[in-house]
Amino acid sequence: MMTVLKQAQSINVEVLGPERKTVITFDMALYEKARRLEMLHPEYRNRYIFRIGEFHTVLCALRAIGASTENRGIDDAWIAADIYGPLTTRQIIEGKHMKRAMNAHLTTLLVFFNLYQDVLFKENPGLLESCSHELICLRDVSFHAVNSAHHTEAVQKRHIELVAKLEQHGILKAMEDFDQRNQAPSFKVARSYMNAVLMLLLVVRGYIAQM
């Protein structure tokens, strides 16, 4: 481990100069060893920036979401709806199966957003009408976007147009006001879960953009 760190630092000094810290990406097992080494040997402090690889970062996020989700009704709903069995649900909660966990949280997020939007637009019927054209355009172009770079660019363009329309008509502000008015514990738990999954999706999107 020490040899690897010294070699990485020598390369970093050669390329970027001695004043720049060396950034090294590890999997979880090596990351833990590197952090212990840094704590035990003061000469390694403030010279490196250790980070976990993308795969293990996502797994850690899934475990965190699972810990906040467990015994709050979402895991019970998966089992009651016969979407996942008890064993698979336990794997999802513990973040032991990344693909299943991502699919479970994404599906649950979409369900929550459908319920959320139903109530939001019932209270504010004019908001939906103001952006209906952009929503239809985004839906249509997304339908044709599979395996097509051209249509992918079209989806991005329509998405930007939709976000601009949402901001123009104050829908995002209406969502903030809606969240502040609803302080029921179950609602706050659901919104906290939705925000956590959205943050995870942003992390995954960032990793994909770097590829």
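See the structure printed just above.
Colleague: Got a minute to help me understand the overall build of the protein in this structure?
Modeller: Secondary structure assignment for the protein yields 11 helices and 2 strands. For the protein, the α and β elements follow one another from N to C terminus as α-β-α-β-α-α-α-α-α-α-α-α-α. Taking 211 residues into account, the globule formula puts the C-alpha radius of gyration at 17 Å, and the protein, at 22 Å, lies well above it. Referenced to the eigenvectors of the C-alpha coordinate spread, the extents of the protein come out at roughly 65 × 40 × 35 Å. Expressed as a percentage of its 211 residues, the buried residues of the protein come to 32%. Nonlocal contacts in the protein, meaning residues at least 24 apart in sequence, comprise 66% of its contacts between residues at least 6 apart. Looking at the protein as shown, the accessible area adds up to about 13900 Å², and 59% of this sits on carbon and sulfur atoms.

Colleague: Honestly, the environment of Thr 69 in this entry has me stumped. Any pointers?
Modeller: Here Thr 69 lies in helix H3 (residues 54–69). You can call Thr 69 buried: its relative accessible area is 2%. Distance in space between the C-alpha atoms of Thr 69 and Ser 192 is 9.8 Å, their sequence separation being 123 residues. Residues in contact with Thr 69, not counting those within four places in the same chain, are Ile 74, Asp 75, Ile 93 and Tyr 193.

Colleague: So what exactly am I meant to see when it comes to the nonpolar core here?
Modeller: Across soluble globular proteins, you tend to see nonpolar side chains buried next to one another. Counting 35 residues, the largest nonpolar core has Leu 62, Trp 78, Tyr 116 and Tyr 193 as its most contacted members. Looking at this core, the elements with two or more residues in it are H3, helix H4 (74–80), helix H5 (86–93), helix H6 (98–123), helix H9 (149–168), helix H10 (171–181) and helix H11 (185–210). When residues in this core are grouped by element, the largest group, 9 residues, is from H6. With near-sequence residues (within four places) excluded, Tyr 116 lies in contact with Met 175, Phe 178, Asp 179, Phe 187, Arg 191 and Met 194. Core analysis: the second largest hydrophobic core is formed by 11 residues, Phe 26, Ala 34, Leu 37 and Tyr 44 among them.

Colleague: Even after reading the chapter, I still don't get the environment of His 133, so can you show me in this structure?
Modeller: Mapped onto the secondary structure, His 133 falls in helix H8 (residues 132–143). In this structure the C-alpha to C-alpha distance between His 133 and Leu 162, which are 29 residues apart in sequence, comes to 9.0 Å.

Colleague: Would you mind showing me how to read the layout of surface pockets here?
Modeller: Once rolled over the atoms, a probe with the size of a water molecule shows which space is left empty. In this model, the largest pocket occupies a volume close to 1600 Å³. Phe 113, Leu 138, His 159, Leu 162 and Leu 198 are the residues nearest the centre of the largest pocket, which is lined by 34 residues in total. Contributions of two or more residues to the lining of the largest pocket are made by H6, H8, H9, H10 and H11. Here the lining of the largest pocket takes 9 residues from H6, the largest share from any one element. In terms of residue class, the lining of the largest pocket is built from 24 nonpolar, 7 polar and 3 charged. Around the second largest pocket, the lining is made up of 16 residues, and of these Ile 74, Ala 77, Trp 78, Thr 108 and Phe 112 lie nearest the centre. At 6 residues, the largest contribution of residues to the lining of the second largest pocket is made by H6.

Colleague: Would you mind showing me how to read a nonpolar patch on the surface here?
Modeller: A cluster of nonpolar side chains, contributed by Ile 11, Val 15 and Leu 16, occupies part of the molecular surface with about 300 Å² of accessible area. Tracing the sequence through the fold places Leu 16 in helix H1 (residues 2–16). Taking relative accessible area as the criterion, Leu 16 reaches 43% and is therefore assigned partly exposed.

Each value, and the rule that gives it
- Residues numbered from 1 in each chain as written.
- Predicted model: local features only at pLDDT ≥ 70, side-chain atom pairs only at ≥ 80, totals over all residues.
- Heavy atoms only, no water.
- Helix = DSSP H or I, 4+ residues; strand = E, 2+ residues; numbered from the N terminus.
- Rg over C-alpha atoms; globule rule 2.2 N^0.38 Å.
- Buried < 20%, exposed > 50% of the residue type's maximum accessible area, 1.4 Å probe, protein only.
- Contact = heavy atoms within 4.5 Å.
- Areas by Shrake-Rupley, 256 points an atom, 1.4 Å probe, with all protein chains shown as cover.
- Core = buried A, V, L, I, M, F, W, Y, C linked by side-chain atoms within 4.5 Å.
- 1 Å grid on protein atoms, 1.4 Å probe; cavity = no way out; pocket = protein on both sides within 12 Å on 5 of 7 lines; lining within 4 Å.
- Points joined across faces, edges and corners; volume = space filled by probe spheres on them.
- Nonpolar A, V, L, I, M, F, W, Y, C, P; charged D, E, K, R; others polar.
- Patch = residues over 30% accessible without salt bridge, like charges linked within 9 Å, V, L, I, M, F, W, Y side chains within 5 Å.
- Salt bridge = Lys/Arg side-chain N within 4 Å of Asp/Glu carboxyl O.

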